[in-house]
Each structure stands twice: as structure tokens, then as C-alpha cells.
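Topology and contacts: notes
Chain by chain, the residues:
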Amino acid sequence: MTTAEATSLLQPFQDQFRTSIVSVDTSSDMVTITIDKASVIPVFKFLYSEAGLSFQFLTDLCGIHFPDQNPPVLGVVYHLHSLTRNIRLRIKTFTPVSEPTVPSLTPVFESANWMERETYDFFGILFEGHPNLIRILNMDEMTDFPMRKEFPLEDTTRSDKDDTFFGRKQNNAL
Amino acid sequence: MILGLFCFLSLLTIMSALSVILSRNPVYSVLSLILCFFSIAGHYILLSAPFLAVVHIIVYAGAIMVLFLFVIMLMMRTSDVGLTSWVKRIGSFFVVGVLGVTIVALMQRGTLVLPRYLASVEGSVSSLGRVLFGQYAIPFELSTILFLSAVVGVVMLGKKS
Amino acid sequence: MLTNRSKVVVNKTLTFSESLYFPAIFRGLMITMSHLFKRKVTVRYPEQTRVFSPVYRGLHVLKRDEKGAERCTACGLCAVACPAEAITMVAAEREPGQEALFREEKYAAQYEINMLRCIFCGLCEEACPKEAIYLTPRLVPSSFKREDFFWKKERLLETVENRVDVSRRLMRPAQKGAA
Amino acid sequence: MLDLFFIIQKLILVSAVLAITLVIAMYTTYAERKLAAFFQDRVGPNRAGPFGILQPLADGLKFMFKEAFIPANANKFLFVLGPSISMIAACMACGVIPWGSSLMIMGHEVPLQIADLNVGVLYLFGVVSLGVYGIMIGGWASNNKYALLSTIRASSQMISYEIAMGIALIALTLSTGTLSLKEIVSLQHGGHWNVWVQPLGFIIFIICAFAETNRMPFDLPECETELVGGYHTEYSGMQLGFYLFAEYINMFVSSTVMAALYFGGFNFPFLNSLGLSHNLVTLLGVGVFFAKIFALMFFFIWIRWTIPRFRYDQLMRLGWKVLMPLAIFNMLVTAVLILL
Amino acid sequence: MATIVDAPEGVSGQGFFLTSLEKAVGLARKNSIWPLPFATSCCGIEFMATMGSHYDLSRFGSERPSFSPRQADLLMVMGTVAKKLGPILKQVYEQMAEPRWVIAVGACASSGGIFDSYSVMQGIDKVIPVDVYVPGCPPRPEQIIDGLMRVQELAGSEALGRRNSPEYKALLAGYGIL
Amino acid sequence: MNDQPVEKSPYVTLNLGPTHPATHGVFQNIIHIDGETIVDAVPTIGYIHRAFEKIAEHRPFYQITPLTDRLNYCSSPINNIGWHLTVEKLLGVKTPKKVDYMRVIIMELARISDHLICNSILGVDTGAFSGFLYMFQQREHIYEIYEEVCGARLTTNIGRIGGFERDFNETVYLKLRKFLKEFAVVLTEFESLFNRNRIFMDRTIGVGPISAERALNYGFTGPNLRAAGVDYDVRVMSPYCSYEDFEFDIPVGTQGDTYDRFMVRNHEMWQSLRIIEQALDKMPDGPFHADVPEFYLPPKEDVKQYMEALIYHFKVVMGEIPVPVGEVYHSVEGGNGEVGYYLVSDGGRSPFRLHFRRPSFIYYQAYPEMIKGSLISDAIVTLSSLNVIAGELDA
């Protein structure tokens, strides 16, 4: 299904949620719609249950961090797939780092549970309404959110590496 | 030699029986009871009733006590060892004492039934069979009814939960 | 059904003979029995060794050229390309009179691969513009101490007498002109 | 009165039987590993001695010098008692097995059987039923949940399968009319094996034997993928060795019992028409007996490396709902046939 | 916690027992190393290949994996050990009965390998003493066998009293293991 | 069975893992059991969390291939190639047919090796060990083919952005043909050990079932979803790598239980064999890589001779060639389900953000629901039939 067809199919959705949609981008590999974070739940419920769309498959959910924007923002990127129509759709929503809350998608998709926990673990995005928002991959004692850009990648305790060489940035602090 | 064995077995029986009620750990009690059964089985052998001895072991040590042990092991953990209360221990002494006196009294009244039959015939399996299915056929069958009702009762209890 | 290609492959009802357990057990027993008499596939390492593919990515070698001079020019591409950051090197300028030792004007005064870090991905081999470093179908031996795994240049370099054949590792044939 | 010759003869026999049992159990481990390897296109242990024949010795010696760890919160006495009971119960069964008919030594007839109990079959049955205590006590004393689960499984499995086994044995004794093992064996001379008389009984018996020895497909008490090590999860060193050893002794004993009860024991066809001396025939009989035992043990191993294991509830269902009715049916049919 | 098996009296004393006992025990231990596969990731699959018919670890008497730490002689750490897993690894090691050996199989277990990240332990020798390192990511089965043979060397030549020696206790104490 | 110990909590807590033999890899499940029946399970994961996504943000594109190897290490080549396809999508590279076919062969081999591990381990967990070793011998043959193509057995790092690092040589084709022939025999044998064995069927039928709706809601893909009866397959729904050229069926199950998963995987192996055979027969001539000098290293001979090649060589290795700014999501049908790569590029040498959609991570959260009310044995069988790979789970 081409992007153009997908766009036309998504037209009723766009009409209905005109106020919540921040932007629509059709230039990338799939239709990308940025929505207001307040309307996450209604949007997904609509996409899920609207007969012509039935985006009932949450392919992926992940966070993203833009530290260089003003103000720095955290985003959540959802990938949806309508199996009956075979269209994929990317939905994004952003929230400032200072106030990292996004509504949880767990009422719509069971699969969002762990993916949101992972996103919380990595980025510190608080999903409101999530039944069990605790760290999943990292240690519970951890206080930082490691996937934020300012967090250093490397283990500081290693002793067998010397990275003052060609092309490698020292300490790889981006 | 037979006398020596008898004394040894009797001592063992009494010691293990005492240990059943005296040990603080129920698992030890069960194990002592098993030992007790073994020594009693030894007595049977001394009375030239090997069939009874073996059946005694199979039924009591092999089956019933396994269930006892099974239940006790499930009921308690290795670390906590119960029956610390002195009241319980004194109580059990009392009960056992009364039982013991009763048994002794009974022994004085009538002699034990079994050896009389067993001593008279060789090949204890067939003789026992004859006794059970001949002279004592009705009590034997009645006891099977008892067992049957027990089985039914267990099934009923099991179904309920 | 999303496609027209689906095919249900499960049949869960047992036939009477299957429900008796025995046919399947018997068939299984026959299969295992047939294996009892099969030739054993075991390679009795270390007495026997398995044939490695010529392109196997094992222990590295630093190549010398035909005259016996080291090929490495310490450009550092291998170190950059290494995802495990296991390669360390110190470059030095070639002194006059060392032409027989080093092929290029720069050479690696120190060259070290941390074999415990190395993941044998072969990216260094690919990255080397001078065909100086190759992975070979040899294995890095295990050892008792961590220190044994910092392979210095002396250990990595092939000797003139004992060349390591890498002729069959060719990646891709030369094209006329790049791009 | 007991004479000296009798005592010496029994002592020698007892020690020989024990030694042979232990050696066979030891080498069963080796056979199992080697056969498993062969079933799986591998070569198996081959580094300890030529063809790896010293492998069991290596294992044994290693066990002896391995730390025998007693967990801090375990019941120490029972923890040590468990494996010993397992081992003793496994060895005790050898006492009534008729290994051969008899040897004539210096004019005395020496039966190759430690004790000819006239209730030998029942004795065996009783001893086998004791084996579960070792597992129960050890598993419980470890104070480990996996071990406890395994104990539960072991005891319920043992009890359930003993019943079917017992009934199968009753059918057998109905047809033979005796409980003495020696008589049962000698009744089967000339190829009149009980397995032809009691085929269904034999099948029930062998399935129960698998269950009683905790062998695949009934190795639930110690199945690795579910309960780690089962009852011996917490054991190490020689105590573990005892447990593992007891399992193989059990396997040997069950094979022996089956060979004696159903496959004619030391009997082989035409044994009297060969015109050999009595002693030679006896020795040949012993050889034949062991051949039968080994064949059955091979079957144990063969099955183990072929089929999957049951689940706990399925095992129970099989025991109670399939084998027990079958066994009762078999017993009734036998009884009716005898009456006719 | 660990009460080390009492060596027969005289072994620790000079030359009372013949050293042939030590030799025999060494040989026995060497040929009966039961591994505890602590397989966390990729190297675990190569370990399966090592167990498989083509390589057949059983030739060394090591085909019986003991998943219970008590019964194992050799802890084979195969794959990445994250910092979250570190304490568990240490606990497993503590539960093992003496004598025990440890192989770090593969780059991750030995040094963290490619995963030089905040979450990965940079080599398990930070928490437990390692006897043999096997390089490779993952190592070929040949290399794993090679590592096992190194352990066999160690096991075959180890004195009976070593595990009671003050040096060994100091080594363990260095890792905070009682 | 009514055998609850008298404790404060009505149920026994059992810690299944992280070193439990059946949790291949490291998962921890704290399960509450009533007798042997599981009342509740709480999985803990992250024991081998390796921060793939963070590392990927610090590595140039070509160095991420070795990272993807270690995601689902049972079928590394699919991950490698999926990553290459993602980058190619970002760059807008069109690969020649031959590359596609070669990739298809490698990926289907990887699928076989993945399913093979899963199914034979399921055999081990039900107690039949021999089948595992019979199958593993075939895996060795797959390794041999990999080794011939890329030089490694498990973590293959196979292929490059734009194609392959080297062409298939004669040995590869020979070994492939041999494999096709031999594997069919072994697979038949394996099937006759398990498929209709009542013990095995009893152990797996109705064990760990999940309905199609629940599976979809949980985001299941791949064999586990197909076992529930939904014929969703990325290879068919959104074809990549010329998968539309091949004839194959999508095996589906009915109830989504362990037996269904086992059978679906078994049949997928047959389908993979079919695809490999077709790809071998139809293998076109041509170059084994796309013409992308910016990302595909020039031949060494050229680097020696031509300045331009040398410059490209340096630029490729240093990762200094600008890439388009943008974001792509690409998914491939991995051994275990839909493996997705969400790549956000800011034009730099490394991805700005790279997220892996890891099927194991998604399956595993349904695990407690699937085992609730079943026995411990069932839980173990279910876990191995879900084929949750620790490396992929924890990323």
C-alpha cells in the first residue's frame, strides 16, 4: 500500500482529530502523524476500533530524546499496523523533559505494558495510568535514565581499554 | 541365639516406640515408628511367620508410613521443629502410659491369637490363607467393607475440595 | 485470514493405535537403534581437527610483504573500525635504513590486540587499506591469565620463514576504477 | 545347627553378590553414557583409560574427594541418612535373587542364592517400596523447594505404581502358585517363560519397574529441566554419589527381578540335553541369567534416550486409571483361567 | 559458609601419604569435571554445539551438566554478565562445593567484549576468581574444549591441600567470599 | 493434589531461574504455586541487558551489524540482513536480484537453525534428548555454510550494507544442495520421534495456549502468532528481498498452544527448505552487492591503485559520509517473529536513535498469563516453545 493510498484512508481520522494533530508527514517510509499528548488515548481508541482502519496491532513503541531542541523534549514513537488493510502508521507525541508524562496505552494494547516500562526505564517518561511503571531492564537502584543523550555509554570501571586513539572520541561522551 | 535376638528386637522395639513419642521432630517420630515396625516384623520372623513380617513391612513401612511422612513433610519445613510444649509431652506420656497398661492387662487375660495357628502349620502363606478364608471369612470380608467405605469416604472428601 | 497462503498443519486427534502409546515408542526405538550403528560424526578434537573454511575469522596475523617488511602503516583504520575497540597502536616514523623492516614511511611502533575484547568480526581486516592485517583460520588459545591475551605486535606478526597463507581470503575481485 | 561351611559359603556369596552388584552398577553408569553417546552419533567418554573404561572410577574417586556440603539450614542427621537409606534399600533386594541353581563344591551343594525365602517375591516388593524413604528423607532434609517438590512427586509416584506392580505380581503368583523366587525360576525351565503366560502382566510390571526406578519416561523426581536436580539438588560429594549409584543399583535389581520372574532366570533351553557337568551347567546358567539382565538393562537405557517424559498428572492418570484397572483385569482373567 | 572437605590426615603433613594418592585423585578429578553451564547468551549456543555430536564434550567425561551448583565442579560462565546478574553469579559460585573451577567463556564473560556499556560487567573476574579464560565471540567449540582441557590440567595437578591453604583463602577473601 | 504447606502465605513461592536449566539464558520467574499448579508468576528480566541501543548511538552504521548478531543469536543472519535492509531503505539503495536471492537463502537457513534449536530444545525439556542431538548435527552443517560465506559460525556479521562481502563460492552451493537433501531426512526422522508420539502430544497439547485475539493484543508475531491461527507473516504482508518471487505456504495452528507452535515451526522448516531450493534454482547472475561506493568498501586491489578508491575506503571506514536525515522503520520476519528496526538519522556517522523491535521482549510479557493455572512442567515447556532468546529479550 503506497503512502498516498494510506493518506486517503486516514483522511477521516485526520478530519476528526484536526485539533489534536500537530503535523502530518508523508515523506518518510510511512505516514507519520504527530499528535498532542493529551489526545493519545482517544486517538488510539479511534484507530483501533474504526472499522475502516482497525489498527489493532501495536508493532512498536519507543522513546526518543532531543536534548538540543528548545526546550529539550522527550518523544514517544508508536508504530501501528492495520493487519486487515496492511498499512503501517507511525504516531509520535512529544513532551518537554521537565514534565515527562504521557498517557499510558495499556488500556488499549496489552503489549504496551512492557514497552512503556522499557521506555520509562530508558528515558524516564512517566506513563500515566500504567499499572506497574517500574524499571524493567536496568537495576532497580539506578537513578539515571541511560538512553538520554547526556548519559555516558561506557562502563567506568573497565581497566583494559585505552581509547585515546584514532578517530575515537575520548570517553565517548558524544 | 534366638533369645538374644528376641531381647535385642524387643529392646529396639521399645526404644523406637519411645522415641516415637519423645522426639521433638515429627519426622523423627515417623522414622522411629518405621524402625519400630521393622523390629516388630523381626518378631514375626522369630515367630516363624515370614509372610506376616513381609506384609507388615510392605503395608505399614512401605505404604502407610510413606503417606505419614509425606503429610508431615508437607506440613512443616525443615527448620521449624514443633512439639515444644511441655504440656503436650506430658500429655502424650500419660496417654501412652494408659495405653501400655491396657495392653499389658489384655495380654494377661488372653494369649495372642496368631502364634497358636502359625506354630501348628508350616508354610505360613497357605495356612494363613486357610485361616483367613475359612475360619475367619466373615470378619475378613467385613473388614474389606470397612476398607471400601474408607475408600469411598476419601473419594468423597477429595471431590468436595 | 490475511493471506491466501495459510495452511493448517495441526491435527490433534489421536487415532486408536496412537493412543496406545506403543507405535510411536516403537518407531522412536527403531530410530535410536538405527543410530546406534551409524558412523559417529564426532571429530575427536584435539587429536583430529575439523577443516575450517579458508575465510574463517580466527586469530589475526600482521602480514609482511614479499621482501619481509611489515606492511602496516599505522593508519589506524583497523582501530577505528573495531566495534570492540580492542586494537591499540602507536605510530612512528620510519628512520632511514629501516626500509627492509617497514614497507611504508610510517609504521606501528606498538600494536596490540586485546584478544579478550576482540569479537572476531573481521572489520579490521576489511578496513585495512594496506592488506596488513588478516584474520586467519587459526584459533586463539585459551589461557589462565588475563595478561596472556594482550597480543603484542611481536606475537601477531608472521615471520619470514613461516608465512601465513591468506591468499584464499579474497573478498572481492578488483573492479576497474572505484565507484 | 549352623556349620562352618554354611557360614563361609554364605559370607562368600554375600560379598560376591554385593561386589558384583556394585561393580555392575558402576559400569552401568559407564554403559549408559557410552550407549547414550552411540544412540546420538557420538563417541562418549574415551579419555579416562582405554575407551574411557576408567570413567566410573574417576567419577567415584572425584566424589570421594569432593566437599560433602551440608546446607546450613538443612537437617543434618536426615540429610546424611537419606542417601544411605537409598543405597541400603537398593542393595537389600539382592538377597533373595537366585543367581544360579547350585554348585557342587567338595560334595556340598551350594545354592547360588543368599536366602531362599518362601515369600521371596513379597520380600522384594517390600524392599523396593522402602527405596522411596531415601528420596523422601533426603529431599525433605535439604530444605529446598525443588527437592521438596521432587519428594512429593517421588512418593506419590512410588505409591501409585506399587499398587499396579503388586497386582501384576499377584497374577503371576496365581499362575505359578508359589512366592519363592527359586521355585518360580525353576518352574520356567525349557523356555516356559512366564512372559508367555503373563504378557500383559509383564508389560504392566515393566512399566511399573520404570516408574519405581525413576527412569525415563517416569523420571519426574529428578527431571533436570523442571526441578534442577530434584531431591538431590543440594547434595554434593559422595552423598550425591550414593544417590546416583542407588538409581543404577535399582535399575540392575529391577532387571534382575524381571529376568527371574518373567524370563526364566538362569534357565535356558536344552540345558539338560547338552551333557555337561552340573557345575558347568550352573555356570552357564549364571551367564545366561546375566545376559538376560544386561539385555533388560539395555532396554532401560534404550528407552531413556528415546522418548519424552510424562507430566506429573499424566503419570498419575496412567498409574491409577490405566495400569491399575489393567492389572486387576489381568489378575481376574488369570484367576478365571486357573479355575477353569 | 563453605566447610571444605577434610583431607585425609597426613596429606597436609609432609610425605606421609604417597603423592600417588594425589596423582590418582588428580586424574580422577580431571576426567570427571561436571560443568555448570551458566549460559546467558550466544556462547551458550556454542556450548550446546560443544555438547553436540560433532564435538562431544562427553569424551572428557563432562557431558553431565549439573544445574545444581552443589554438584558441579566447573562453573562455565558463557555470555554476557550484566551488573544486575553479578550478585547471582557470585551466589552460584559460593554455593559450589570445593574443589571448584571457573571458566570465563567468550569475550563478554572475560572482559565485557563489545559491550562496553554502563550495564555490562567488564569481566566476571570482578566478582569471582576465574581460572581459565577462553577468547572468542563466541569461541568455537574447539576453543571451549581447549579451555576445558586447561581446566583439566589444573585439576590434574592440584594438590589435595590447596583448597585449605591460606593462599586460597586469601584469594577468596579478596573477592569477599567466605 | 492438595498439598499446601502451612505457611503464612497460602502459596509456595518458587524462584524459577535465573540459573534454572530450563531457562536457557537468564530469566527469572518468581512463581507462586499451589501444589504444582502455578497461581501467579512474576517475571524479572534484564539480567543480560547490554544497552544495544545506547551502543548503537555511538557506532558508525557498519559497526552495528556485529551488534545485531547478538540480539537473537540463534538466527543472527536475519538480524544482520534486516539491519542492512534498514540502512539501505534509509539510503534509498536498490540491491540487485542476486543479492536478494543470496539474502533469502541465508535468511531461510537462519530461520531453519532458529526453529531447529527451539523445537529440539522443546524435545529436551520434555525429556527426549536424542532428537536434540540429531537436529544439532544439521545445525553444524548450517554453520559450515555460514562459515564458508562469512567466516564465522554463530555471530556471523554476514553481509554488508549494499550486499555481501563475498560471493557464494562453489563449496557453498555444494553444501547447500547437500544440506537440502540431508536435512529433509533428519527432519522427517525428528518428526517421527515427536509429532505423533502420544507422550509428547499429551505434554504439549493445550499447554500454554493463547487465543488469536489475546496474541494480537499482546503484539505476538511470527510462529507464535501463527500457531494461534493468524497467518501474519512479514515476508508476505510487506515483502522485502524479493520474497514475492517465491512460492511458500504459511503454516498456521488452531489454538496457539505448545503443540501448535511446535508444529508450525516444524512446517516452517519445510517451507524454508522449499524457498531455499527455489532460490538456488532461480539464482540469477550478477554482482553480489549494490553499487554504493559511499557505503560499500571498494576492492583492496582498487584501494592500492586508485586514489578515489582509497578516499572512499577511508571515508567509509571512518564513517564520514553523510547519510540522509530521516527516519525509517523496517521489519523482517525473524526466526522468532517480526524483527523491526526503527532508525532515526540526523545525518551523522551513527544513528541518532536506533530502536529494535524485539519479538522475544514482546512474547515474554504474555508468559505469566499463558502459564497461569498450569503445572510447573507446562511452564517450562511453554517457555521453550515461545523461544524467548535472552539476548533479544534484554537487548
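Please refer to the structure higher up on the page.
Description of the structure in this document. Predicted, not measured: the structure shown is a model, and the values here were computed from it. What you see as residue numbers is a count from 1 along each chain, following the sequence as written. Chain letters start at A and ligand numbers start at 1, both assigned in the order the entries are written. Only residues with pLDDT of at least 70 are given local features in this predicted model, and only at 80 or more are side-chain atom pairs given and counted; all residues enter the totals for whole chains, interfaces and linings. Water and hydrogen atoms play no part in the side-chain values, which are based on all heavy atoms of the structure.

1. Description of the overall build of chain B
For chain B, the count of helices and strands is seven helices and zero strands. Elements are defined by DSSP. Helices are runs of H or I of four residues or more, strands are runs of E of two residues or more, and each kind is numbered from the N terminus. Taken from the N to the C terminus, the helices and strands of chain B come in the order α-α-α-α-α-α-α. Per-residue accessibility takes into account occlusion by the displayed protein chains alone, with areas from the Shrake-Rupley method and a 1.4 Å probe. On chain B, roughly 10600 Å² of surface is accessible, and the fraction owed to carbon and sulfur atoms is 79%.

2. Focus on the pairing of strand S5 (residues 87-96) of chain A
Residue and element names in this part refer to chain A. Burial of S5 is extensive: eight of the ten residues sit out of reach of the surface. Two strands qualify as a pair provided that DSSP identifies no fewer than 2 bridges between them. Relative to S5, strand S2 (residues 31-35) runs parallel, the two being bridged by five bridges. From the neighbouring strand, Thr-32 faces S5, where its bridge partner is Arg-90. When strand S4 (residues 73-82) meets S5, the two strands line up antiparallel, connected through ten bridges. Pairing of Val-76 across the sheet is with Thr-93, part of S5. The antiparallel hairpin formed by S4 and S5 contains four residues in its connecting segment, where Asn-86 sits at a positive phi of about 55°. With a 1.4 Å probe rolled over the protein chains alone, any residue whose accessible area is under 20% of its type maximum counts as buried; one over 50% counts as exposed, and the rest are partly exposed.

3. A short note on the sheet that holds strand S3 (residues 37-44) of chain F
If you walk across this open sheet you meet the three strands as S1-S2-S3 (chain F), and the pairing is antiparallel. Looking along the sheet, the strands with just one partner apiece sit at the ends: strand S1 (12-16) and S3 of chain F. For this sheet the average axis-to-axis angle between neighbouring strands, irrespective of direction, equals 25°. Both strand S2 (residues 28-34) of chain F and S3 of chain F contribute to a ladder of seven bridges, which runs antiparallel. In the sheet register, Gln-28 of chain F faces S3 of chain F, and the bridge partner there is Thr-44 of chain F. Two residues form a contact once any of their heavy atoms are found within 4.5 Å. Under this scheme, a helix contributes an axis fitted over its contacting stretch, all axes are lines through C-alpha atoms, and angles between N-to-C directions fall in the 0 to 180 degree range. Each of S1 and S2 of chain F is contacted by helix H5 (residues 145-176) of chain D, which is oriented at about 110° to S1 of chain F, the strand it contacts most.

4. Points about the nonpolar core
By size, the foremost hydrophobic cluster in this structure holds 263 residues, and its most contacted members are Phe-13, Leu-47 and Tyr-78 of chain A, Tyr-111 of chain C, Leu-75 and Ile-124 of chain E together with Phe-220 of chain F. Counting residues per element, this core draws most heavily on helix H4 (residues 97-126) of chain F, at 15 residues. The nonpolar core is taken to be a set of buried Ala, Val, Leu, Ile, Met, Phe, Trp, Tyr and Cys residues, with the residues joined through side-chain atoms within 4.5 Å. Of all hydrophobic cores here, the second largest spans 134 residues; its members include Ile-72 and Leu-128 of chain B together with Trp-140 and Ile-307 of chain D.

5. Re a negative patch on the surface
Like-charged residues within 9 Å of one another, or nonpolar side chains (Val, Leu, Ile, Met, Phe, Trp, Tyr) within 5 Å, are grouped into patches, provided each residue has over 30% relative accessible area and no salt bridge. Any carboxyl oxygen of Asp or Glu within 4 Å of a side-chain nitrogen of Lys or Arg constitutes a salt bridge here. Neither His nor the chain ends contribute to the count of charged residues, in which Lys and Arg are positive and Asp and Glu negative. Each charge is placed at NZ for Lys, CZ for Arg, CG for Asp and CD for Glu. Side chains of Glu-93, Glu-95, Glu-99 and Glu-105 of chain C sit close together on the surface and give a patch of like negative charge. Counting through the fold element by element, Glu-95 of chain C comes out in the loop between strand S3 (87-93) and strand S4 (106-114).

6. Thoughts on the packing of helix H2 (residues 22-36) of chain C against helix H11 (residues 278-304) of chain D
Two elements in contact, H2 of chain C and H11 of chain D, have axes separated by 9 Å at closest approach and are oriented at 100°. Between H2 of chain C and H11 of chain D, the angle is such that the two are roughly perpendicular. Taking contact as the criterion, the partners of Ile-25, Leu-29, Met-30, Thr-32, Met-33 and Leu-36 of chain C in H2 of chain C are, on H11 of chain D, Phe-298, Phe-299, Trp-302 and Ile-303 of chain D. Taken together, the residues of the contact of H2 of chain C with H11 of chain D sort by class into nine nonpolar, one polar and no charged. Angles below 35 degrees are treated as roughly parallel, those above 145 as roughly antiparallel, those between 65 and 115 as roughly perpendicular, and all remaining angles as oblique. Gly is put with the polar residues, along with every residue not named as nonpolar or charged; the nonpolar set is Ala, Val, Leu, Ile, Met, Phe, Trp, Tyr, Cys and Pro, and the charged set is Asp, Glu, Lys and Arg.

7. With respect to the environment of Ser-350 of chain F
All names here are of chain F. Along the polypeptide, Ser-350 turns up in the loop between strand S6 (337-345) and strand S7 (353-357). A relative accessible area of 13% means that Ser-350 is categorised as buried. With 293 residues separating them along the chain, Ser-350 and Glu-57 place their C-alpha atoms 5.6 Å apart. Two N or O atoms form a polar contact when they lie within 3.5 Å of each other; inside protein one atom must be a possible hydrogen donor and the other a possible acceptor, and for residues adjacent in sequence the pair counts only when both atoms belong to side chains. A distance of 3.5 Å separates the side chain of Ser-350 from the backbone oxygen of Arg-59, its partner in a polar contact.

8. With respect to the side chain of Gln-137 of chain F
With respect to the element layout, Gln-137 of chain F can be found in helix H5 (residues 130-150). When its relative accessible area of 7% is taken as the criterion, Gln-137 of chain F is described as buried. Residues contacting Gln-137 of chain F, with those up to four places away along its chain left out, are Val-41 of chain C, Gln-40 and Asp-41 of chain D together with Ser-53 and His-54 of chain E.

9. Focus: the interface of chain C and chain F
At the interface, 59 residues of chain C touch 77 residues of chain F. The term buried area means the drop in 1.4 Å probe accessible area that two parts suffer when joined, counted for both and summed. Together, the buried faces of chain C and chain F total about 6000 Å²; carbon and sulfur atoms form 56% of this surface. Run the count over chain C and chain F and you get nine salt bridges. For Glu-144 of chain F, the salt bridge identified is with Arg-50 of chain C, shortest N-O distance 2.8 Å. Listed by contribution, the elements that provide at least two residues to the side of chain C that touches chain F are strand S1 (6-8), helix H1 (16-19), H2, helix H3 (77-81) and helix H4 (123-127) of chain C. Looking at which element gives the most residues to the side of chain C that touches chain F, the answer is H2 of chain C, with seven residues. Note: S1 of chain C against strand S4 (residues 250-252) of chain F, three bridges, orientation parallel. Within S4 of chain F, the residue paired with Val-8 of chain C across the bridge is Val-252 of chain F.

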